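Remarks on the overall topology
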Amino acid sequence: MTRTITAAKNAGKPFKNWDQTFCREADIASPQFWKFPLESMCFIDYCSCPFYNIYDETKFGQITECIHNNLELTQIGTFSRRKNQLFSLEVVNRIKKDIPNVHLNIVGKEMDEGYLEKMNLCIKNNNLQTNVSILGTSTDRIELNRHTSYVLYPSTMESFGLILIESQSSGIHCFANKDIPNDADMGNADFLELNPGLWSKSIIDYYKKHKNERKNPSNMDRFSKENFINTIKKLYS
């Protein structure tokens, strides 16, 4: 008899509202299985065995050196209250007073109606036009990593920070909301309260000490496809 697992696409919804797709155990190692969007997938079953979201090892996992010494920040995610880009803009506005050429790349597309307009208004009101770039979802993430000093992740609510895993696996230091599950901490991130003064000071202090140096992450193996497949096989053996 073929066993079945559930792959639930988690978009931050309550469990009962998750879109569920069923697949056979034999499919786990097949290319067809991995056509699900990795960034929106987690795996569940009625057991105590942990399943971690996996990152794309073909794109990430290699240390990417920064090609400049400027302070270049990046935030990736849909433009929404949940992803909290307005917070990042306030952080940059404060950093600018100490480091005038600080720059923030905001990558994504609008989810909450009117949120992009609020972002643009904030940029205009604080004269951040030369300090902030808004980029689309087609942006080359690998190339962007080469220009990124640190990644910002101030989401107000997350089930898991996959962007944190992808960034840390490339050696990029991250600053994240302390309420995000610390399973995403690979030793290359600071988890902070959502206070713009605290974030701006922490980023400035870190930059003055470390500049754009890269750091090897710890314990990345548990997020690999191979580890995931082995975990599933052990569960159903």
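Definitions and limits used
Just so you know, the residues in each chain are numbered from 1, in the order the chain's sequence is written. Where local features are concerned, this predicted model is filtered to residues with pLDDT of at least 70; where side-chain atom pairs are given and counted, the filter is 80 or more; whole-chain, interface and lining totals use all residues. Based on all heavy atoms of the structure, the side-chain values leave hydrogens and waters out of the count. Salt-bridge detection follows one rule: a side-chain nitrogen of Lys or Arg within 4 Å of a carboxyl oxygen of Asp or Glu. Runs of H or I in DSSP of at least four residues are treated as helices and runs of E of at least two as strands, each being numbered from the N terminus. For every residue, the accessible area (1.4 Å probe, protein chains only) is compared with the maximum for its type, and the residue is labelled buried under 20%, exposed over 50%, or partly exposed between those bounds. We call two residues contacting when some pair of their heavy atoms lies within 4.5 Å. In this analysis, rings of Phe, Tyr and Trp, with Trp reduced to its six-membered ring, are considered paired at centre separations within 6.5 Å, and the interplanar angle assigns stacked below 30 degrees, edge-to-face beyond 60, and tilted for intermediate values. Two strands qualify as a pair provided DSSP detects at least 2 bridges between them. Axis definition: a line fitted to C-alpha atoms, over the contacting stretch in the case of helices. Angles run 0 to 180 degrees between N-to-C directions.

This next bit is on the pattern of salt bridges. If charged atoms from side chains of opposite charge come close, those side chains can pair. Enumeration according to the criterion identifies 9 salt bridges in this entry. Across the pair Arg81 and Asp112 runs a salt bridge, and its minimum N-O distance is 3.6 Å. Placement of the pair is Arg81 in the loop between strand E4 (72-76) and helix H1 (85-95) and Asp112 in the loop between strand E5 (103-107) and helix H2 (115-125), with a sequence separation of 31 residues. With relative accessibility at 54%, the residue Arg81 sits in the exposed group. Residue classification places Asp112 among the buried residues on the basis of a relative accessible area of 16%.

Among the 8 residues in helix H4 (residues 162-169), 8 count as buried, and that is most of the element. Along H4, the residues classified as buried are Leu162, Ile163, Leu164, Ile165, Glu166, Ser167, Gln168 and Ser169. Of the surrounding secondary structure, the elements contacted by the buried residues of H4 are E4, helix H3 (141-147), strand E7 (150-153), strand E8 (173-177) and strand E9 (189-192).

So, about the packing of aromatic side chains. Scanning the model with the defined rule gives 4 aromatic pairs in all. For the pair Phe87 and Trp199, a centre-to-centre distance of 5.1 Å together with 85° between the ring planes defines the contact as edge-to-face. Here the residue Phe87 occupies a position in helix H1, and Trp199 occupies one in helix H5 (residues 196-210), the gap between them amounting to 112 residues. Aromatic side chains Tyr150 and Phe175 sit 5.7 Å apart centroid to centroid with 70° between the ring planes, which places their arrangement in the edge-to-face category. Pair noted here: Tyr150 is in strand E7 and Phe175 is in strand E8, with a separation of 25 residues, a long-range link. Of the two residues examined, Tyr150 and Phe175, each falls in the buried class. A network of ring pairs unites the aromatic residues Tyr150, Phe175 and Tyr206 as a single cluster.

If you walk across this open sheet you meet the 6 strands as E6-E5-E4-E7-E8-E9, and the pairing is parallel. Each edge of the open sheet is held by one strand with a lone partner, namely strand E6 (132-135) and E9. Recorded for the sheet is a direction-independent mean angle of 20° between the axes of neighbouring strands. Note: E7 against E8, 4 bridges, orientation parallel. Along E8, the bridge assignment pairs Tyr153 with Ala176. Most of the contacts of H5 go to E8, to which it runs at about 165°, and overall it touches E4, E7, E8 and E9.

By themselves, these are just geometric observations and shouldn't be taken as functional.
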